[in-house]
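Results of the structural survey
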Amino acid sequence: QVQLVESGGGLVQPGGSLRLSCAASGILFSIHHMGWFRQAPGKQRELVAVVANDGSTNYADSVKGRFTIARDNAKNTVYLQMNSLEAEDTAVYYCHAKHALASLEYWGQGTQVTVSS
């Protein structure tokens, strides 16, 4: 059974930082591209950042220079370090895994991030 379990969300003031974690089980982590998506109320889910199985990364323009994605294949975990948070970053953040060679993908249950003073 595949599980992606996110943690680290919460309430933070503008300008603050949070680190999200996503622990994966039931998949061969090293051959999956791992990503973070987010969905704000009334908006579509959007890609935030992705780290490929080869370690290359890609970010949404809105988070470049503020967010950093990283993976630890030994721990089957992907992280999202979020700095200089803004109110517009408020959303439910979802962990995503996509098999690098097959049409298989998985989602976590989501973790709420709220940026407010």
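Structure: see above.
Residues numbered from 1 in each chain as written. Predicted model: local features only at pLDDT ≥ 70, side-chain atom pairs only at ≥ 80, totals over all residues. Heavy atoms only, no water.

**As for the pattern of salt bridges**
- Counted by the stated rule, this structure contains 5 salt bridges.
- In this structure, arginine 38 engages aspartate 89 in a salt bridge whose closest nitrogen and oxygen atoms are separated by 2.9 Å. Here the residue arginine 38 occupies a position in strand β4 (residues 32-39), and aspartate 89 occupies one in the loop between β8 (77-82) and β9 (91-99), the gap between them amounting to 51 residues.
- The exposure class of arginine 38 is buried, given its relative accessible area of 6%.
- Connected via shared salt-bridge partners are Arg38, Glu46, Arg66, Glu86 and Asp89. (Salt bridge = Lys/Arg side-chain N within 4 Å of Asp/Glu carboxyl O. Helix = DSSP H or I, 4+ residues; strand = E, 2+ residues; numbered from the N terminus. Buried < 20%, exposed > 50% of the residue type's maximum accessible area, 1.4 Å probe, protein only.)

**Considerations on the sheet that holds strand β7 (residues 67-72)**
- Read across the sheet, 4 strands follow the order β1-β3-β8-β7 without closing on themselves; strand pairing throughout is antiparallel. If you trace the sheet from one side to the other, it starts and ends with β1 (3-7) and β7, each paired once. Strand-to-strand, the axes of this sheet are offset by a mean angle of 15°, without reference to chain direction.
- Where β1 lies against strand β3 (residues 18-25), 5 bridges are found, and the strand directions are antiparallel. By the bridge assignment, glutamate 6 is partnered in β3 with cysteine 22. (Pairing = 2+ DSSP bridges. Axes fitted to C-alpha atoms, helices over the stretch in contact; angles between N-to-C directions.)

**Concerning unusual backbone geometry**
- One non-glycine residue, asparagine 76, adopts positive backbone phi at about 55°.
- Mapping asparagine 76 onto the fold places it in the loop between β7 and β8.
- Residue classification places asparagine 76 among the partly exposed residues on the basis of a relative accessible area of 24%.
- One non-glycine residue with positive phi stands out, namely serine 84, at about 50°.
- Along the chain, serine 84 falls in the loop between β8 and β9.
- Overall, the relative accessible area of 42% leaves serine 84 in the partly exposed class.

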